[in-house]
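Descriptive analysis of the structure
What follows is the residue order along each chain.
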Amino acid sequence: MIGELKDTNIKLKRIFIEPKLPAALEPLNKLAHNIWWSWNKDATDLIESIDPKRFVELNYNPVALVKEIDATTSQRLLEDKGFMSKLKKVVQDFDRYMDKKSSQKGTSIAYFSMEYGLHISLKLYSGGLGVLAGDYLKEASDENSNLSAVGLLYRYGYFTQGISMHGEQINNYPPQEFTKLPIEPVRTSSGDWLKISVNMPGRTVQAKVWKLPVGRIDLYLLDTDFDENNWEDRTLTHHLYGGDNEHRLKQEILLGIGGVRVLNALGIKADVYHCNEGHAAFNGLERLGDYIHQENLSYPEALEMVRATSLFTTHTPVPAGHDYFTEELMRPYLYAYIAELGIPWDQFIALGRKDKENHHEQFSMSHLAIRLSQEVNGVSKLHGLVSQKMFNGLFPGYTSQELHIGYVTNSVHYPTWIADEWHDLYTKTFGTKFLRDQANKTYWRKIHQVPAQEIMEIRKVLKKRLLDYVRETIQRDFTKRGESPRTIFDITNKLNDDALVFGFARRFATYKRAHLLFSNKERLAALVNNPDRPVIFLFAGKAHPADGGGQGLIRHIVNISKEPEFQGKIIFLQNYNMEMAKTLVQGVDIWLNTPTRPQEASGTSGMKAAMNGVMNFSVLDGWWAEGFRDNAGWALPEERTFAEQNMQDELDSESIYNIMEQSIIPTYFDRDAGGISTSWVEYIKQIIAEVAPEFTMQRMLHDYYDRFYVKVHERGQKLRSKQYAATVELNKWREKVIHAWDAIEVLDSQVMDTDNHPLPTGKPFEASFKLFLGSLSAEDVGIEVVFFKRKSEDELVPQLTKELEVKKVNGHTATFACKVDPQVSGVYEYGFRLFPKNELLAHRQDLNLVQWL
Ligand SMILES: *Cc1c(COP(=O)(O)O)cnc(C)c1O
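Residues numbered from 1 in each chain as written. Predicted model: local features only at pLDDT ≥ 70, side-chain atom pairs only at ≥ 80, totals over all residues. Heavy atoms only, no water.

This part is about the domain arrangement of the protein. The domain boundaries assigned to the protein delineate domain 1 (20-99), domain 2 (149-267), domain 3 (440-599 + 606-691) and domain 4 (744-852). The C-alpha centroid of domain 3 is placed 35 Å from the C-alpha centroid of domain 1. (Domains from an automatic or database assignment.)

Dropping the structure here:
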């Protein structure tokens, strides 16, 4: 009938009739609006059981799922006694968990990150950095840490990846519907939506503040996409890592400066501001302003306070991972802002440069973050060392090893990444206490009591689940992109449940070297097609839209996977995300990672694999350099043999084939009469017992407290107390020293004649210096002798450092001397270093005054 009516005859208006949940089901809404459900099995099961198929279709989004519950479904659920009693129990668990939020205490942390990987249904992340931040918040919640987090709420987030028939990456940006996210507006005391603003050239940009509860942790998200902003500013929170450099600068102003304004508006003054990567480093500027305008500190005093409350975590040695802006780009955005702080523009720009005299050098957000933070850390032991070298230029007069750049090795959130089957076995075998003592290996070593049969049973279930998932995914994605039914049938049919399955999934950046495996296709074909020992390689990962090299790699692999001898053996799965990651790291037998060393700062996917009894075969880089144990996985050596990258790649790919052919594959397929590979099971037990516990998020969170948060908090308090008395004193001293430094003179020195005579073992090395100190006193300066070993033309490694003692003070002169037994033999190089000294200083390097005598 309707079809016969003329348009002009009908007047229609749209209305959305929201199904109303009966009161007894209302708690589902509460659960859906806190991402806590995602790492609690009972809650996940409960939500999924509402409609398992629809849940997957809705991208595992419970808010969307609950919104769809209509009268019929309500009725069904209300009548389902099992469901209703489970609901009651889960809500009880949740309420009990949340009740403890009010007892959060200890050092308070404000955490800043450009991305958060919390769940597949929240498009706030692109990859590892985000997933790490997400895992961290979850653990902070479980530990009831006093932590608040800040980020941006993206309308489109990072792209969703499609792959064409020919292997081209297609970038899709479906928008998120905010009404279907577990977020709520933050309201002021008068009930209005909290908005903050930041200045941009000629205008003010407004941002709405949302709250996303991560268990007990509040994540505040900024959103500029609404009417009060012009179109360009609305797009500020559209894409993660999209747009040009200017766009990025604006986003970082919003995150850093805006982020502090959010916390201030909420009355949150943290003891420690933790900058997760340099993107949010502008947060320090806003806090400088607070100290200057509200606390009446001078700029240097304010700087000391900002530093004394800040930690900066750097995440990559790859240059593209660090933001650089030209001065010209920054000027229109920040000139007035900096002027208001009372800092000369040049002085500000110098904070982002290595060499402040070099006017061509771009402003680095990482340099700014280092200058504004008392503590700096890398994300694995090796990456800590690499970062020391990388930032050595900021601290002239010191070798990289002497810098105060430390490390905390990354980790993963156990409840998020563990398979249910393993979790059940672990709790049964280890007892439940291990959950709050995750790094304690005494629990994990009990895995050795479990019969091999039981271990292999779990592995089999998980692998089957993965391969079924792969079949479904191929069916869906390949059909969509127009592959023939024949091809799809061939591939899914050839997928062998008994094969040894390798997984390789990560960002497709060229340094990750996904191509290594394909350097010798005949050898690879022979390897995957052995009928007695079938092998499958699963690949997944996104390349940044601007990274042609990464996209080329994907194309290369997709095209190889279509060649007849690789069908069903080499598979590229499109649109890597957290849900796929989970299925992969739980289901494969072995996780492969072949980065160019030492460019993988940490890597975390291999840790997820390890806790699921999945082997790692990786370059000894990042976390694996710490995690690798004999008989708990395989490694490519850490040392670099060739300076030429192509040669190194060739050698590494040879080693990869060799290790696979000679060790990994035989170990896996060496079965006993019962069909069990006992040595493989031993490997599994070993990686679970000795590796997995070291890379749990609880350990990482504790490390941050032990190595940084507490230290920063204590010094911050010391400097703040009694109206900043220590800050004022330190600053007076600093000015005095800077002023007097150049007047220091060596009047006399007596050092042994080491040019012509060797120092016999056992005989002390002696030296003394007489200095004219001008207006300084002998306590203001120190002299030390440093013995180095020369590693190469331009690398000295300090071996022994000994400070000289004050022997005599006479007016403006002082004599320093030492007597050292080096207790070693061999050839050393040594020198004497004069440095400013004050126990209120956080680090020796802080003044950037040092003189080699
Ligand atoms: C864990 C994870 C990562 C990080 O893995 P790396 O080993 O650091 O590359 C990236 N993306 C997703 C979706 C993940 O789950």
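What follows covers the UniProt feature "modified residue: N6-(pyridoxal phosphate)lysine" (unreviewed entry) in the protein. Residues annotated by UniProt as "modified residue: N6-(pyridoxal phosphate)lysine" (unreviewed entry) correspond here to K608. The residue K608 is located in helix α24 (residues 605-611) in this model. Setting aside residues no more than four positions away along its own chain, K608 makes contact with V131, V412, W417 and V585. (UniProt positions renumbered as here; feature names shortened; annotations may be inferred. Helix = DSSP H or I, 4+ residues; strand = E, 2+ residues; numbered from the N terminus. Contact = heavy atoms within 4.5 Å.)

With that settled, consider helix α6 (residues 81-99). With 19 residues, α6 ought to run about 27 Å at 1.5 Å a step, and its terminal C-alpha atoms sit 27 Å apart, in line with that. Those residues of α6 not exposed but buried are F83, M84, L87, V90, V91, F94 and Y97. Taken around the axis of α6, the buried residues stretch over an arc of 150°, which confines them to a single face. Exposed residues on α6 whose side chains face more than 90 degrees from its buried face are K81, K88, R96 and D99. Buried residues along α6 sit against α1 (26-32), α2 (41-50), α5 (71-79) and α7 (128-142). (Expected span 1.5 Å × (residues − 1). Buried < 20%, exposed > 50% of the residue type's maximum accessible area, 1.4 Å probe, protein only. Arc of directions from axis to C-beta.)

What follows is about the pairing of strand β2 (residues 147-152). With 6 of 6 residues buried, β2 is to be regarded as a mostly interior element. Judged by which residues are buried, β2 turns out to be covered on both faces: L147, A149 and G151 on one side and S148, V150 and L152 on the other are all buried. Pairing geometry for strand β1 (residues 109-112) and β2, over 4 bridges, is parallel. By the bridge assignment, F112 is partnered in β2 with V150. One crossover worth recording links β1 to the parallel β2 by way of α7, and it is right-handed. With 5 bridges connecting them, β2 and strand β8 (residues 217-223) associate as parallel partners. (Pairing = 2+ DSSP bridges. Right-handed = clockwise from strand over helix to strand, strands pointing away.)

Before going further, it helps to examine the environment of H247. By the secondary structure assignment, H247 is in helix α9 (residues 245-265). For the pair H247 and T237, spaced 10 residues apart in sequence, the C-alpha to C-alpha distance is 10.0 Å. In contact with H247, other than residues within four places in its own chain, are T235, L236 and G242.

Before going further, it helps to examine the sheet that holds strand β17 (residues 570-573). The 6 strands are arranged β17-β16-β15-β18-β19-β20 in an open sheet whose pairing can be described as parallel. Every interior strand has two partners, whereas the edge strands, β17 and β20 (634-636), have only one. Within this sheet the neighbouring strands show an average axis-to-axis angle of 20°, counted without direction. Pairing of strand β15 (residues 500-505) with strand β18 (residues 590-593) involves 2 bridges; the strand directions are parallel. Pairing of F502 across the sheet is with I590, part of β18. Against the sheet, helix α19 (residues 452-480) touches β15, β16 (535-540) and β17, its axis set at about 70° to β17. Here helix α27 (residues 678-691) sits on the sheet in contact with β15, β19 (615-619) and β20, set at roughly 75° to β19. (Axes fitted to C-alpha atoms, helices over the stretch in contact; angles between N-to-C directions.)

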